[in-house]
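# Overview (structure and organization)
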Amino acid sequence: MYDDHYTRLNQYRSLWILVFFDLPTETRKERKIASGFRKKLLDDGFTMFQFSIYMRFCASRENAEVHTKRIKNSLPEHGKIGVMQITDKQFGMMELFYGKKPVETDKPSQQLELF
C-alpha cells in the first residue's frame, strides 16, 4: 500500500521561519550593515512581514535548517536577532488585524457660481 503521508506537503511538517531583528542604525556604517542584512534575507527568499520581521516558507525541517544556518552565517556584529520556526498549521492560526488610521477630510472649498 502506497502511503503518501510523507510525500505531500503536510501542515505539521512544513515550517515557516520568522526572523526578528533590531539593528543599530545611528551611523552611516550601521545603516549600511542593517540594509545589507535585510538584502541577504531577501536574496534568500524571505519576505517582509513587518519592518523588522521577515518570513520564509520551508517545505521541510531540513530545508528550514539550511536557511537558518545561512542567517547565522550572516549575523551582524551588533544588534539583536531572533529566529523562530513554527509549523504551517501554527502559522495558519495567526490572526492579523489591520488598523485604520484616521484620515482628515479636506475642508470644502468655497464654490463660485457662474451664470
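So, a few notes on the structure that sits alongside this text. These figures come from a predicted structure and were not determined experimentally.

### Structural notes on the pairing of strand β2 (residues 47–50)
Pairing between β2 and strand β3 (residues 53–58): three bridges, direction antiparallel. When the sheet's bridge partners are listed, Thr 47 is paired in β3 with Met 55.

### Some thoughts on a nonpolar patch on the surface
A cluster of nonpolar side chains, Met 94, Leu 96 and Tyr 98, forms an exposed patch at the surface whose accessible area comes to about 360 Å². Position of Met 94 among the secondary structure elements: in the segment after α3 (88–92). Of the residues examined, Met 94 reaches a relative accessible area of 34% and is grouped as partly exposed.

### A look at the pattern of salt bridges
Counted by the stated rule, this structure contains two salt bridges. A salt bridge links Asp 43 to Lys 39, with the shortest nitrogen-to-oxygen separation between them at 3.2 Å. Of this pair, Asp 43 and Lys 39 both sit in helix α1 (residues 28–43), four residues apart, which is roughly one turn of the helix. Classification of Asp 43 by relative accessible area gives exposed; the value is 58%. A salt bridge links Arg 70 to Asp 44; its shortest N-O distance comes to 2.5 Å. Here Arg 70 is found in helix α2 (residues 61–73), whereas its partner Asp 44 is found in the loop between α1 and β2, with 26 residues between them in sequence. For Arg 70, a relative accessible area of 44% translates into the label partly exposed.

Calculation notes
Residues numbered from 1 in each chain as written. Predicted model: local features only at pLDDT ≥ 70, side-chain atom pairs only at ≥ 80, totals over all residues. Heavy atoms only, no water. Pairing = 2+ DSSP bridges. Helix = DSSP H or I, 4+ residues; strand = E, 2+ residues; numbered from the N terminus. Patch = residues over 30% accessible without salt bridge, like charges linked within 9 Å, V, L, I, M, F, W, Y side chains within 5 Å. Areas by Shrake-Rupley, 256 points an atom, 1.4 Å probe, with all protein chains shown as cover. Salt bridge = Lys/Arg side-chain N within 4 Å of Asp/Glu carboxyl O. Buried < 20%, exposed > 50% of the residue type's maximum accessible area, 1.4 Å probe, protein only.

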